[in-house]
Amino acid sequence: MPANGQSHIRVARPSRDLVAAEGFWIRGLGLSVLYRTEGGDAPGEHDLLMVGWPDASWHLELVHEAVGPVEPRPTSEDLLVIYLDEQVPEELVTRLQAHGGKRVPSPNPYWNKWGITVEDPDGYRLVLCTRTWSNA
């Protein structure tokens, strides 16, 4: 079957600390743990945490290899944008910050006008956008 609009998407990222990442994405944002496994101590084995909403057609995969960790190297343009189609609840931003997030300005004025940007514990940026989006 060729790739199409129904194909599931996985966004994979390295993480320094899966416990901190889980706090941000699960207790902060409200995603669910979809899958988790612990690797061993041999090179190439890694701990894995997959998070997302169970009914979504995407998920975020966070990995950490104890023997040879990959340092996250996000830029200010590495964004995961969630279109809320409403104002961003201040309690959500507060919860994200309480679980390791850091509210930051975006270098792109569009995101400052239409949303709130929060860095996760690894420095990747989550934008909570007040607008809506459709590919149709």
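These numbers come from a predicted model, not from an experiment.

Novice: Before we go on, may I ask you to explain the UniProt feature "domain: VOC" (unreviewed entry) in the protein chain in this structure?
Specialist: Those places that UniProt annotates as "domain: VOC" (unreviewed entry) correspond, in this numbering, to residues 5-131. Summarising residues 5-131: 21% helix, 34% strand, and an end-to-end C-alpha distance of 21 Å.

Novice: Honestly, the pattern of salt bridges in this entry has me stumped. Any pointers?
Specialist: Opposite charge on two side chains makes pairing possible when the charged atoms of those side chains draw close. Inspection of the entire model under this criterion finds five salt bridges. Measuring nitrogen to oxygen at the nearest pair gives 2.7 Å for the salt bridge that ties E71 to R16. Of this pair, E71 sits in the loop between strand 4 (58-64) and strand 5 (79-83) while R16 sits in the loop between strand 1 (9-14) and helix 1 (18-29); the two residues are 55 residues apart in sequence, bridging distant segments of the chain. Across the pair D122 and R16 runs a salt bridge whose closest N-O atoms are separated by 3.5 Å. Remark: R16 occurs in the loop between strand 1 and helix 1 and D122 occurs in the loop between strand 7 (115-119) and strand 8 (125-129); sequence separation between them is 106 residues. Put simply, R16, E71 and D122 are held in one network by salt bridges that share partners.

Novice: Mind showing me how you'd approach the sheet that holds strand 7 here?
Specialist: Consider a sheet: its strands pair through backbone hydrogen bonds, and that pairing is either parallel or antiparallel. One open sheet accounts for four strands, arranged 5-8-7-6; its pairing is mixed. Unpaired on one side and paired on the other, strand 5 and strand 6 (102-104) mark the two borders of the sheet. On average, each strand axis in the sheet is inclined to that of its neighbour by 30°, with strand direction left out of account. Contacting strand 5, strand 7 and strand 8, helix 1 crosses the sheet at an angle of about 15° to strand 8.

Conventions used here
- Residues numbered from 1 in each chain as written.
- Predicted model: local features only at pLDDT ≥ 70, side-chain atom pairs only at ≥ 80, totals over all residues.
- Heavy atoms only, no water.
- UniProt positions renumbered as here; feature names shortened; annotations may be inferred.
- Helix = DSSP H or I, 4+ residues; strand = E, 2+ residues; numbered from the N terminus.
- Salt bridge = Lys/Arg side-chain N within 4 Å of Asp/Glu carboxyl O.
- Pairing = 2+ DSSP bridges.
- Axes fitted to C-alpha atoms, helices over the stretch in contact; angles between N-to-C directions.
- Contact = heavy atoms within 4.5 Å.

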